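# Coordinate inspection notes
Each chain, written out:
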Amino acid sequence: MGIDFHSHYMQIIRANLNKYPEKKLIIFPFGEQGMIFKNILNSAYDLHENYIIDNVLCNYNKNIFPLYSLINMDDKSLLFFLVATDKELNNKLYNQIKIKFPNAEIINVLEPLIIPVNDKEGWFKEFKELLGIKRLISNKQYVRIGRMNDGGYVMLDDIETNMKAYSFGICDDVSWDREMAERYGIDIYMYDHTITGLPEYHKKFHYFKAGISGKDDSMNHLFSIETILKNNAHTEETNLILKMDVEGAEYDFLESASPSIISNFKQMVFELHNITKLENKERIKKSLQKLNETHQAVWIHGNNCNYAECDNGVIVPNTIEVLYLNKNYYSFEETNVYFPWDIDQPNKYKLNDFILGNW
C-alpha cells in the first residue's frame, strides 16, 4: 500500500498558493521527496524556493544550506515545507525547526490537508451539532473491523450469530465483510453495481450486482432499501447491521428510507461524503436529522484520504466515518469524547490522522 505524494504535494501547494505571499519558501530536507516537491513548485506553479535546506547534502552542494545558516533571519518571515516522509525523521526535523525558529510557519507534508475557507463557520457548527457524539453506557467494547488503514471501521462488539449484515460499496475490498463473517459467523449481504464480482469467495457472502438508491431503477441496477430487504425477506428483521461506503449515495438512502426501516438496523457505520460542500447542506441536514430520530452517533473518524476545511478555527473533514447505534437497544450520556481513538488508524497510512478532539 502506498501513497501518491505527487498528488498530495499538488494539493498542498494549491491550498497555500496565496496564503503567504511575503514568506521565504524553504524546502527541507532535500531527498527524493524534496526533489519531487521542488519540481512541482517550480514547474506546475512557477514558484521558486528561496532556500533548500539539508544538513547532509550541504556538504556536497554549495546551493544547499544547513538549517543553522538561517539562524539570524527573522523567523516570522520563514515558511518551511517539511518534506520528510519517514515519520521518525519527520518528527525529529519538525522539532529542530520549532526549537530554532519558533515563529516560523511549517507546512508538514505528513499532516492531512486542511484548507482555510470563509463563510462556512455557521454550517460547520451546525453539522457538528447534528453529528453530536454521546458516550455509550455499557461494558461492551469497541473493535476495529476490516483491514489496516482504509477499509477498516470501528464497531461495537455486540454482534450475535443470528444477526445479518448489509454491506454497500465493495470495490476490491472485502476485509470488513470477511472479518464480520469469520469473527461472528453472520451472513453478509453485499451490494455493488460497479463491479462484476467479488475479489474472493466466502460461504457467508451473498453478492448482488446492484447499488443503493432512493428509488428503484432496475435499468441501472439501483434499488431502494425497502426493495432490497423485501427481496431478501428481511423486512421484519430488527437487529441488522449496516456498512455503507457509496460515494455520496448514502444521502439517497437516508432521505428516502422511512424511520421504521432505518430502525431495523442495530448498528450502522457510514462513510459520509462531501460534507464541506455547501450545495449538499440541506440534504445532509435532513439525512442526519432522520438518523438522529432512531440512532445515536458514538464514533467518528476523519478520512485523511480527503481534505478538511477550517473556518475561524472550526475544522470539518470533507469525508467522515461514523458509527451509529440504535436507541432501542442502548443508553447514552453527554460527556466529552475525544477523537481519534487508540484503535483508529489513518486511512492513508503514511499521513497523520485528523485530530478532531472533543467532538
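Note that the structure is a prediction, hence the values are computed from the model and not measured.

Next up on the list: the pattern of salt bridges. Overall, the coordinates contain 15 salt bridges when judged by the stated rule. Taking the shortest distance from any N to any O, the salt bridge between Asp173 and Arg147 comes out at 3.4 Å. Placement of Asp173 in the loop between strand S9 (164-168) and helix H5 (175-184) and of Arg147 in the loop between strand S7 (142-145) and strand S8 (153-156) is noted, with a sequence separation of 26 residues between them. Given the relative accessible area of 14%, Asp173 is considered buried. As a salt-bridge pair, Glu179 and Arg183 come within 3.0 Å of each other at their nearest N and O atoms.

Attention shifts here to the sheet that holds strand S18 (residues 314-317). Across the sheet, which stays open at both edges, the three strands sit in the order S5-S17-S18 with mixed pairing between neighbours. Both edges of this open sheet fall to strand S5 (114-116) and S18, since each of them pairs with a single strand only. Within the sheet, the average angular offset between the axes of one strand and its neighbour, ignoring direction, is 25°. Alignment of S5 against strand S17 (residues 308-311), held across three bridges, turns out to be parallel. Bridged to Ile114 within S17 is Ala308. Contacting S17 and S18, helix H4 (residues 121-130) crosses the sheet at an angle of about 70° to S18.

Okay, the sheet that holds strand S16 (residues 295-302) next. Taken together, the seven strands give an open sheet; going across it, the order is S11-S10-S9-S14-S15-S19-S16, and neighbouring strands pair in mixed fashion. The sheet is open, and its two borders are formed by strand S11 (205-208) and S16, each paired with just one other strand. For this sheet the average axis-to-axis angle between neighbouring strands, irrespective of direction, equals 15°. For S9 and strand S10 (residues 187-191), the ladder comprises five bridges, and the chain directions are parallel. Bridge pairing links Ala165 to Ile188 in S10.

Next up on the list: the pairing of S16. Among the eight residues in S16, eight count as buried, and that is most of the element. When S16 meets strand S19 (residues 320-326), the two strands line up antiparallel, connected through seven bridges. In the sheet register, Trp299 faces S19, and the bridge partner there is Leu323.

Here Glu309 is to be found in strand S17. Among the residues examined, Glu309 registers a relative accessible area of 8% and is labelled buried. Placed 179 residues apart in sequence, Glu309 and Leu130 show a C-alpha to C-alpha distance of 18 Å. Here the side chain of Glu309 touches Lys120 through a polar contact of 2.7 Å, side chain to side chain. Within polar-contact distance, the side chain of Glu309 engages the side chain of Thr276 at 3.4 Å.

Moving on, we get to helix H2 (residues 32-44). Between its first and last C-alpha, H2 extends 18 Å over 13 residues, near the 18 Å set by a 1.5 Å rise per residue. Residues Gln33, Gly34, Phe37, Ile40, Leu41 and Asn42 constitute the buried set of H2. Two residues or fewer after H2 comes Asp46, characterised by a positive phi angle close to 55°.

Turning our attention to the packing of aromatic side chains. Applying the stated criterion to the full structure yields 19 aromatic pairs. With centroids separated by 6.0 Å and ring planes inclined at 80°, the aromatic side chains of Tyr51 and Phe65 adopt a geometry described as edge-to-face. Of this pair, Tyr51 sits in strand S2 (residues 51-52) while Phe65 sits in the loop between S2 and strand S3 (78-82), and the two are 14 residues apart along the sequence. Classification of Phe65 as partly exposed rests on a relative accessible area of 32%. Note on Phe253 and Phe270: the rings are 6.3 Å apart at their centroids and 35° apart in plane angle, and the pair reads as tilted. Separated by 17 residues along the polypeptide, Phe253 in helix H7 (residues 250-256) and Phe270 in strand S15 (residues 265-272) bring together distant segments of the chain. Taken individually, Phe253 and Phe270 each receive the classification buried, so the pair is uniform in this respect. One aromatic cluster is present, built from ring pairs that chain together Tyr166, Phe168, Tyr189, Tyr191, Phe208 and Phe265.

Core analysis: the largest hydrophobic core is formed by 77 residues, its most contacted members being Phe127, Leu131, Tyr166, Phe168, Phe253, Phe270 and Trp359. The residues contacting Tyr166, other than those within four sequence positions of it, are Tyr189, Tyr191, Ile228, Leu229, Asn232, His234, Leu240, Ile241, Leu242, Lys243 and Phe265. Of all hydrophobic cores here, the second largest spans 25 residues; its members include Ile52, Ile64, Ile107 and Leu113.

Within the structure shown, the criterion is met by two cavities of 30 Å³ or more. Space inside the largest cavity adds up to approximately 50 Å³. In this structure, the largest cavity is lined by His8, Gln11, Pro112, Leu113, Asn304, Cys305, Asn306, Tyr307, Lys348 and Leu351. Here the lining of the largest cavity is composed, by residue class, of five nonpolar, four polar and one charged. Size it by volume and the second largest cavity reaches roughly 40 Å³. Lining the second largest cavity, in full, are Arg144, Asn149, Gly152, Trp299, His301, Glu321, Asp344, Gln345 and Asn347. Among the residues making up the lining of the second largest cavity, the classes are represented as one nonpolar, five polar and three charged.

About the thresholds
- Numbers given to residues run from 1 along each chain, matching the order in which its sequence is written.
- With the structure being a predicted model, the display of local features is reserved for residues of pLDDT at least 70 and the display and counting of side-chain atom pairs for 80 or more, all residues being used for whole-chain, interface and lining totals.
- Only hydrogens and water are removed before side-chain values are computed, so all heavy atoms of the structure are retained for them.
- Within this document, salt bridges are pairs made up of a side-chain nitrogen of Lys or Arg and a carboxyl oxygen of Asp or Glu, the two lying within 4 Å of each other.
- Secondary structure elements follow DSSP: runs of H or I of four or more residues count as helices, runs of E of two or more count as strands, with numbering from the N terminus.
- Exposed residues in this analysis have more than 50% of their type's maximum accessible area, buried residues have under 20%, and partly exposed residues fall in between, with area computed by a 1.4 Å probe over protein chains only.
- Two strands form a pair only when DSSP identifies at least two bridges running between them.
- Every angle, taken between N-to-C directions, lies between 0 and 180 degrees, and every axis is a line fitted to C-alpha atoms, over only the stretch in contact when it is a helix.
- Two residues form a contact once any of their heavy atoms are found within 4.5 Å.
- Counted as a polar contact is a pair of N or O atoms within 3.5 Å, where, for protein atoms, one must be capable of donating a hydrogen and the other of accepting one, and residues adjacent in sequence contribute only when both atoms are in side chains.
- A helix is expected to reach a length of 1.5 Å times the quantity of its residues less one.
- Two aromatic rings, drawn from Phe, Tyr or Trp (for Trp, its six-membered ring), form a pair once their centres lie within 6.5 Å of each other, and the interplanar angle then sorts them: stacked below 30 degrees, edge-to-face above 60, tilted otherwise.
- Only buried Ala, Val, Leu, Ile, Met, Phe, Trp, Tyr and Cys residues count toward a nonpolar core, and they belong to the same one when joined by side-chain atoms within 4.5 Å.
- Definitions used for this entry: grid spacing 1 Å over protein atoms alone; cavity, a set of points where a 1.4 Å probe fits but cannot get out; pocket, an open set with protein on both sides within 12 Å along at least 5 of 7 lines; lining residue, one with an atom within 4 Å of a point.
- Grid points are joined across faces, edges and corners, and a volume is the space filled by probe spheres set on the points.
- Residues are grouped as follows: Ala, Val, Leu, Ile, Met, Phe, Trp, Tyr, Cys and Pro are nonpolar; Asp, Glu, Lys and Arg are charged; every other residue, Gly included, is polar.

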